[in-house]
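These are the residues of each chain, in order.
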Amino acid sequence: MSVVHRDDIGSKLGMWLFIFTEILLFGGLFITYVVYRYLHQEAFHLASQELDVAIGTINTIILLISSATIAMSITAIQQKKKKLTLALIATTILLAIVFLVNKYFEWGAKFEHGIFPGSEYLDQLGFGDVLFFGLYFFMTGLHAFHIIIGIAVLGFMYYYVKTDRLTHDNFQLLENGGLYWHLVDLIWIFLFPLFYLIA
Amino acid sequence: MSENKQNSAPKSYLEETGGRKGIFKWILSTDHKRIGLLYLYSIMAWFFIGVTLGVLMKLELIAPGKTIMGAQSYNATFTVHGVIMIFLVVIPGLPAVFGNFMLPIQIGAKDVAFPKLNLLSWYIYIAGSILVVSSLFAGGGPPDTGWTFYAPYSFKTGTNMLPAVLGAFVLGFSSILTGLNFIVTTHRLRAPGMSWMKLPVFPWAIYGTAWIQLLATPIVGITLLMVLGERIFNIGFFDPAKGGDPILFQHLFWIYSHPAVYIMILPAMGAISEIIPTFSKKTIFGYRFIVFSTLAIAFVGYFVWGHHMFTSGMSGTALFTFSILTFIVAIPSAIKVFNWVATMHQGSISTDVPFLWAASFIFVFLVGGLTGLVLGALATNVHLHDTAFVVGHFHFIVFGGTGFAFFGALHYWFPKIYGKMYDRSWAKTGWAIFFVGYIALYMPMFFLGVMGMPRRYFDYLPEYHGPNIISSLGALVMVTGFVIMVINLFRAVKTGEKAPQNPWGGTNLEWQISSPPTLENFDEIPTIDKATYKYD
């Protein structure tokens, strides 16, 4: 092998820049949300009451815990506790899967009531509802897609820690993976009040 | 990354294959110079196709009525011409080719910060371009919305929009990763002593561009995803029939696509700022002004997108604001022009090939910039909106600006990239024919626009015939010059005489290493102790 150029600070800088682009990606949707909420305040208010605050709250708690576990895994690897690191990453992945399962049931219930983009029932409800649920499915869908990517990323991290490619003095990749996971968490922290709580 | 670099004399990057053969020497290499050339070849291939489509359009417009194609074919032709030229050629153009090749060398580094990510960006670029091209062949015929994908037509038309829009999204991803790579490279890999104020102007321009790529592209990314959502799931974001707002699409689209113009022009300005001091044998005038105007353009460029939408029915306040900001963004651009001219003043100018491209760049950029002010003024805009005037202005900036700078940079760095020198008299001939043809092609569009000829129609009234003939003939002349240039450069790669290390007498780091450079560029990382562009 050749001499590998390693620059932890550069790697972290790159990750932060990438996170910045992700926030801007969702930023476009937040702008769209603001515009249509302003135009259809009453309808958005009523439509948001259709959503299940209990499931939303549970999912928020799940993601917050998962953010904590991935942060703990980064501390654990620095303390050379490999088993604990692996357990914490696995817990994070497990929580992510539970989040998706909840989301599946939540979406499924909406579909059963005929609420999905392009459905006849939704079209009858009026512009505000069409846009609210359009945004709801698009934004939570894109967020769920990020969760899936995050699970894949964390899966690689698990494998790398297991095979000792990431160790107590070379853990920047795990930290970057953790940063990505915090980003996914952060976006949900904004989605949750926008769709479930504001009335 | 050779294992035996201590034992043998360093080979050039073109000879150093890393044990790979044939095409794998290229498509598996993470060397920033090879990746730069990969981009060069793929971009040139797309450029040929884009030019061919452009010539077909000019042939259609050589006479009123249907000449060689009908309305639908014409719509598809200008759409595909636009998509290819914007997303596949001009946006990656200078940053991906010369940014890749020259940025690490000019800051005294061995490679970019993330070489593997760099190669991945090229693969993503190729994936995106395949998607875009597949839209021509699969399904309901080539897209016909224009390169701007305006809603609601972009999700109502039966043509093959899905792959085109998805392709543009994927290309944006490639652009973001390239920008990210360059930012980290500039921050982390500058040679010892290379402080920010000793950085040459081209890396500065690439750095500014990288920020725009990073901060603007996600917005168009999400906008294109929303159009995909409209097409696939029928959501209604931009569909008035469902309460959506098509104007919102225009806002989101131009929030990216106006800064994208600066992705195209900033590196071009950077390349010109390299060429002019070298051929004037004089320190660049007002280095700090050039640097800060670069950053000012990158910053203010974000806040002018509304000037694409003056006739869309925005509020008066918004119109005035966008108009004033458009005038303000012209100031840093003008500062640069003054700096280039002042650099030449009392310099020892040699009118060699790169200088001719640079000087003609200043001319076409001036015309493009001043006609931009005509369009930025609210009253004249109403008259000229969506006329041939806009097409003329746009091509003077994007093709004149970026294209001339690209060809200038190509002739300037060619001896460094290939270690060969081209035939300069043929290069000058090619430039002269190209320049004359270029002016004849685009200048009449201003007159046609003022007379009221709309853009994007395959047909026109008989009174517009005269200028259209000149324009079409100009296109043929320009292509002739372009072909001469390309053949000349191809011949130089094959049979050109060996180029010296520093053929032009440049002062920056790239001229202090061998031509072509070795795999790791520098035997040892240099220490920078004097300001850039110092001539004795």
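Let me begin by describing the structure that accompanies this report.

Here is what the cut-offs are and how they apply
Note that residues are indexed from 1 along each chain, following the sequence as it is written. Chain letters start at A and ligand numbers start at 1, both assigned in the order the entries are written. Local features in a predicted model are, by the rule used here, given only for residues with pLDDT of at least 70; side-chain atom pairs are given and counted only at 80 or more, and totals for whole chains, interfaces and linings are based on all residues. Excluded from the side-chain calculations are hydrogens and water; all other atoms, namely the structure's heavy atoms, are used. Runs of E in the DSSP output that reach at least two residues are strands. Runs of H or I that reach at least four are helices, and both are numbered from the N terminus. Using a 1.4 Å probe on the protein chains alone, a residue whose accessible area is under 20% of its type maximum counts as buried, one over 50% counts as exposed, and one in between counts as partly exposed. The convention is simple: Lys and Arg are positive, Asp and Glu are negative, and His and the chain ends are not counted. Taken as the charge location is NZ of Lys, CZ of Arg, CG of Asp or CD of Glu. Contact between two residues is taken to exist if any of their heavy atoms lie within 4.5 Å; hydrogens are not considered. In these tables, accessible area is a Shrake-Rupley quantity obtained with a 1.4 Å probe, and a residue counts as shielded only by the protein chains included in the view. A simple way to read buried area is as the amount of 1.4 Å-probe accessible surface that goes missing from two parts once joined, with both sides added. Every case where a carboxyl oxygen of Asp or Glu lies within 4 Å of a side-chain nitrogen of Lys or Arg is listed as a salt bridge. Whenever two N or O atoms come within 3.5 Å, that pair is a polar contact, provided that in protein one can donate a hydrogen and the other can accept it, and provided that, for residues adjacent in sequence, both atoms are side-chain atoms. Cavities and pockets are defined on a 1 Å grid built over the protein atoms alone: a cavity is a set of grid points where a 1.4 Å probe fits but cannot escape, while a pocket is an open set with protein on both sides within 12 Å along at least five of seven lines, and lining residues are those with an atom within 4 Å of any such point. Grid points are joined across faces, edges and corners, and a volume is the space filled by probe spheres set on the points. Side-chain classes follow a simple rule in which Ala, Val, Leu, Ile, Met, Phe, Trp, Tyr, Cys and Pro form the nonpolar group, Asp, Glu, Lys and Arg form the charged group, and the remainder, Gly included, forms the polar group. Here the expected length of a helix is defined as 1.5 Å per residue gap, with one fewer gap than residues. Here, nonpolar core means buried Ala, Val, Leu, Ile, Met, Phe, Trp, Tyr and Cys residues that are tied together by side-chain atoms lying within 4.5 Å of each other. Centres within 6.5 Å are what make two rings of Phe, Tyr or Trp a pair, Trp counting through its six-membered ring; a difference in plane orientation under 30 degrees is then read as stacked, over 60 as edge-to-face, and the rest as tilted. Any Lys NZ or Arg CZ found within 6 Å of a ring centre and within 35 degrees of that ring's normal is scored as a charge over the ring. Like charges are joined within 9 Å and nonpolar side chains (Val, Leu, Ile, Met, Phe, Trp, Tyr) within 5 Å, but only among residues with over 30% relative accessible area and no salt bridge; these make up the patches.

## Structural notes on the overall build of chain A
- Secondary structure assignment for chain A yields 7 helices and 0 strands.
- Taken from the N to the C terminus, the helices and strands of chain A come in the order α-α-α-α-α-α-α.
- Taken along its principal axes, the extent of the C-alpha atoms in chain A is 65 × 30 × 25 Å.
- Counting all 199 residues of chain A, 51% fall into the buried class.
- Within chain A, the 15 negative side-chain charges are centred at a point lying 18 Å from the centre of the 11 positive side-chain charges.

## Comments concerning the overall build of chain B
- When helices and strands are counted, chain B shows 15 helices and 2 strands.
- The principal-axis extent of the C-alpha atoms belonging to chain B is close to 70 × 50 × 45 Å.
- Buried positions account for 62% of the 536 residues belonging to chain B.
- Put simply, of all contacts in chain B between residues at least 6 apart along the chain, 82% involve residues at least 24 apart.
- On chain B, roughly 19,300 Å² of surface is accessible, and the fraction owed to carbon and sulfur atoms is 69%.
- One way to put it: in chain B the 32 positive side-chain charges average out to a point 4 Å from where the 23 negative ones average out.

## Some words on the interface of chain A and chain B
- With 30 residues of chain A at the interface, the matching set in chain B holds 34 residues.
- Carbon and sulfur atoms supply 78% of the area that chain A and chain B bury against each other, a total of about 2,700 Å² over both sides.
- At the junction of chain A and chain B, the tally comes to 2 salt bridges.
- Across the pair A:Asp7 and B:Arg188 runs a salt bridge, and its minimum N-O distance is 2.9 Å.
- There are 4 residue pairs in polar contact (both at pLDDT 80 or more) connecting chain A and chain B.
- Residue assignment for the side of chain A that touches chain B shows that the elements contributing at least two residues are helix H1 (8–39) and helix H6 (127–162) of chain A.
- Broken down by element, the side of chain A that touches chain B gets its largest block of residues, 16 residues, from H1(A).

## Examining empty space enclosed by the protein
Residues and elements named next belong to chain B.
- This structure, assessed with the given rule, holds 3 cavities of 30 Å³ or more.
- Roughly 140 Å³ of internal volume is contained in the largest cavity.
- Taken together, 17 residues line the largest cavity, and the ones lying closest to its centre are Phe87, Ile91, Pro92, Leu171 and Ser175.
- By residue number, the principal contributor to the lining of the largest cavity is helix H6 (residues 161–188), which donates 6 residues.
- Within the lining of the largest cavity, the residues separate by chemical class into 11 nonpolar, 6 polar and no charged.
- Size it by volume and the second largest cavity reaches roughly 40 Å³.
- In terms of lining, the second largest cavity is formed by Val80, Val83, Ile84, Val132, Ser135, Leu136, Pro143 and Ala164.
- Contributions of two or more residues to the lining of the second largest cavity are made by helix H3 (71–106) and helix H4 (115–137).
- Partitioning the lining of the second largest cavity into residue classes produces 7 nonpolar, 1 polar and no charged.

## Examining H6(B)
- For H6(B), with 28 residues, the first-to-last C-alpha span of 41 Å sits near the 40 Å given by 1.5 Å per residue.
- Most of H6(B) is tucked away, with 22 of its 28 residues classed as buried.

## Focus: the nonpolar core
- Of all hydrophobic cores here, the largest spans 243 residues; its most connected members are A:Phe195, B:Phe98, B:Phe149, B:Phe238 and B:Phe361.
- Tallying contributions element by element places helix H8 (residues 246–280) of chain B first for this core, with 21 residues.
- Each residue touching B:Phe98, except ones within four places of it in the same chain, is listed here: B:Gly93, B:Leu103, B:Phe202, B:Phe406, B:Ala409, B:Leu410, B:Trp413 and B:Ile417.

## Details of the side chain of B:His258
Residue and element names in this part refer to chain B.
- Mapped onto the elements, histidine 258 comes out in helix H8.
- For histidine 258, a relative accessible area of 6% corresponds to the buried category.
- Side-chain polar atoms of histidine 258 contact the side chain of tyrosine 262, separated by 3.1 Å.
- Of note is the side chain of histidine 258, whose polar atom sits 2.8 Å from the side chain of histidine 308.

## Thoughts on the packing of aromatic side chains
- Per the stated rule, a full pass over the model turns up 75 aromatic pairs over all chains.
- For the ring pair A:Tyr159 and A:Tyr160, a centre distance of 6.0 Å and an interplane angle of 50° mean the geometry is tilted.
- You can call A:Tyr160 buried: its relative accessible area is 16%.
- With 5.2 Å between their ring centres and 50° between their planes, B:Phe279 and B:Trp504 make a pair best called tilted. Here B:Trp504 lies in the segment after strand E2 (497–498) and B:Phe279 lies in helix H8, a separation of 225 residues in the sequence. For the pair B:Phe279 and B:Trp504, a shared accessibility class is recorded, and that class is buried.
- B:Arg34 extends its terminal NZ or CZ atom over the ring of B:Trp26, reaching a point 4.5 Å from the ring centre.
- Sitting above the plane of the B:Trp196 ring, B:Arg190 keeps its charged end 4.1 Å from the centroid.

## Focus on helix H4 (residues 82–112) of chain A
- In this model, H4(A) (31 residues) spans 45 Å end to end at C-alpha, consistent with the 45 Å of a helix rising 1.5 Å per residue.
- Of the residues trailing H4(A), A:Gly114 is marked for its positive phi of about 80°.

## A closer look at a nonpolar patch on the surface
Residue and element names in this part refer to chain A.
- A contiguous nonpolar patch, built from Ile23, Leu64, Leu186, Ile189 and Phe190 and spanning about 410 Å² of accessible area, is present on the exposed surface.
- Considering every element that reaches the nonpolar patch, the biggest residue donor is helix H7 (residues 172–197), with 3 residues.
- By the element assignment, leucine 186 lies in helix H7.
- Since its relative accessible area comes to 36%, leucine 186 is described here as partly exposed.

## With respect to the environment of B:Thr527
- For B:Thr527, the location among the structural elements is in the segment after E2.
- Linking B:Thr527 and B:Pro192, residues 335 residues apart in sequence, is a C-alpha distance of 5.1 Å.

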